[in-house]
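What the coordinates show
The primary structure of each chain is shown beneath.
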Amino acid sequence: MQTPRTIPVPVPVLRLPRGPDGFSRGFAPDGRRTLLRPNAPEVGEGAQDPPELQEQRARAALRERYLRSLLAMVGHPVSFTLHEGVHVTAQFGATDLDVANFYVSQLQTPIGVQAEALLRCSDIISYSFKL
């Protein structure tokens, strides 16, 4: 008698975005993507450009600084000031794609410690951390 054949269980696939070179998938962990970034003029350069382009460059520079600050926060203790003057501290973990939520661990609140939590960015007035 033959043994019944089992149907293989499909494996979920995570499709990574295209890399900076346009052909690879994902990013190299050695930071290769910073080397492939095109040289864009700094905010102060291009004074003859139209005001819309200058504003766009300024916004891009500010967004890059903000995203770099989020990257620097990973694994560090961060102090958050929320509405109603509530101060909490936590270990920063990650943020979602739209930067609408912060994932934190060891959230110390006035009523106790939460092992893991999501903080909505709309509830946060300010945050600070030490490098």
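Up top is the structure these notes are about.
Notes on the structure follow. Just so it is clear, the structure is predicted and the values come from calculations on it, not from any experiment.

One open sheet holds the five strands; their spatial order is β4-β3-β2-β1-β5, and the pairing between them is antiparallel. The sheet terminates laterally at β4 (112-120) and β5 (124-129), the two strands that pair on one side only. Put simply, the sheet's adjacent strands are angled 35° from each other on average, direction ignored. As defined by bridge partners, strand β3 (residues 101-109) adjoins β4 across eight bridges and the pair is classed as antiparallel.

This part covers the pattern of salt bridges. Scanning all chains against the criterion turns up four salt bridges. R57 is the partner of D49 in a salt bridge, and the nearest nitrogen-oxygen pair spans 2.3 Å. Residue classification places D49 among the buried residues on the basis of a relative accessible area of 19%. For R59, the salt bridge is made with E55, and the minimal N-O distance between the two is 3.0 Å. Here the residue R59 and the residue E55 both occupy positions in helix α2 (residues 51-73), the gap between them amounting to four residues, near one helical turn. Judged by relative accessible area, which is 43%, E55 ranks as partly exposed.

About the thresholds
- Residues numbered from 1 in each chain as written.
- Predicted model: local features only at pLDDT ≥ 70, side-chain atom pairs only at ≥ 80, totals over all residues.
- Heavy atoms only, no water.
- Pairing = 2+ DSSP bridges.
- Helix = DSSP H or I, 4+ residues; strand = E, 2+ residues; numbered from the N terminus.
- Axes fitted to C-alpha atoms, helices over the stretch in contact; angles between N-to-C directions.
- Salt bridge = Lys/Arg side-chain N within 4 Å of Asp/Glu carboxyl O.
- Buried < 20%, exposed > 50% of the residue type's maximum accessible area, 1.4 Å probe, protein only.

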